[in-house]
Amino acid sequence: MQEETIVSPVRQPKPKWLRVKLPTGKKYTELRGLVDKYDLHTICTSGSCPNMGECWSEGTATFMILGNICTRSCGFCGVKTGRPETVDWEEPEKVARSIKIMAIKHAVITSVDRDDLKDMGTIIWGETVKAIRRMNPETTLETLIPDFQGREDLLDRIIDVHPEVVSHNMETVKRLTREVRIQAKYERSLGVLKYLKDHGIARTKSGIMLGLGETEAEVIQTLEDLRSVNLDIVTIGQYLQPSKKHLPVKQFITPDQFKKYEEIGLKMGFRHVESGALVRSSYKAQKHLT
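Here we summarise the structure given alongside this text. (Residues numbered from 1 in each chain as written. Predicted model: local features only at pLDDT ≥ 70, side-chain atom pairs only at ≥ 80, totals over all residues. Heavy atoms only, no water.)

Here Ser281 is to be found in the segment after strand 9 (272–275). Classification of Ser281 by relative accessible area gives partly exposed; the value is 21%. Put simply, Ser281 and Ser206 are 75 residues apart on the chain and 7.6 Å apart in space, counted from C-alpha to C-alpha. Ignoring any residue separated from it by four or fewer positions in sequence, one finds Ser281 in contact with Glu142, Leu144, Asn169, Lys205 and Thr235. Polar side-chain contacts of Ser281 include one of 2.7 Å to the side chain of Asn169. (Helix = DSSP H or I, 4+ residues; strand = E, 2+ residues; numbered from the N terminus. Buried < 20%, exposed > 50% of the residue type's maximum accessible area, 1.4 Å probe, protein only. Contact = heavy atoms within 4.5 Å. Polar contact = N/O pair within 3.5 Å; in protein donor to acceptor, adjacent residues only side chain to side chain.)

Printed below as a string of structure tokens:
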């Protein structure tokens, strides 16, 4: 009896424009050593960001606060979902110390959603910004925040500590929001960005991912919606599936199409448009202060 040959399916290779070089350079090597030595936690390393070498060489890094377990279960995100751990009230000082050790010039702070907390984590948010300011007075800050369920009293806690940039990501177009961001709402996120701008935040920012099945017209409409709330900065990047459990990639967007969206966005009046396959929320974040 002839032995049956089992052929494993061949994975389709990613397009060449999604291939990245390993991070190198003196500054990257120094920061990598500090992260390992002091057991520092950055999204750059835990998320295996393709732009880590470039950002670190320019003195920018992203830190995640309030644990690594999220109360929401978005279809695109690789962060664990479940019951989060107890709040670490020493975290603000730890993050501030990490930034000092790494000599970070521009820090991006983000967090999981903490819908389990009455304040949704905003007290820790505020204390973290204050601690960074005390310990690193020359460091500029971007806060990439959740929607805090649209509660204005909680958004005020972010506004009150005056980060140079406040960011909240739309992630996708309106039609796909329910599928991609299960517990989020498109109009609520727009409302968050509008409230921030209307109440004194000098630079507001958002980001969207492409390749989830959206049309060009829907992307342009999303950009128009973001300009309608006077958003300053938008990032546009390629969605990549974190695991088999997550939403599949429907399409790899070409560099020419990303360039087209950049040109459209700049004509609309955005101050900065970062558009490219490897662009992520904090990509070139330090340049968004100008």
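Quick look at the pairing of strand 9 now. What you see with strand 9 is no split at all: His272 and Glu274 on one side and Val273 and Ser275 on the other are buried throughout. Pairing of strand 8 (residues 233–238) with strand 9, which is carried by 4 bridges, proceeds in the parallel orientation. For Ile233, the partnering residue across the bridge sits in strand 9 and is His272. (Pairing = 2+ DSSP bridges.)

Here helix 10 (residues 255–268) is 14 residues long and its end C-alpha atoms lie 20 Å apart, about the 20 Å a rise of 1.5 Å per residue gives. Here helix 10 has its buried residues at Phe258, Tyr261, Glu262, Ile264 and Gly265. Looking down the long axis of helix 10, one finds its buried residues gathered within 165° of arc, a one-sided arrangement. Opposite the packed face of helix 10, turned more than 90 degrees from it, sit the exposed residues Asp256 and Lys267. In this structure, the buried side of helix 10 is in contact with strand 7 (204–210), helix 9 (216–228), strand 8 and strand 9. Backbone geometry just downstream of helix 10 places Gly269 in the positive-phi region, at approximately 115°. (Expected span 1.5 Å × (residues − 1). Arc of directions from axis to C-beta.)

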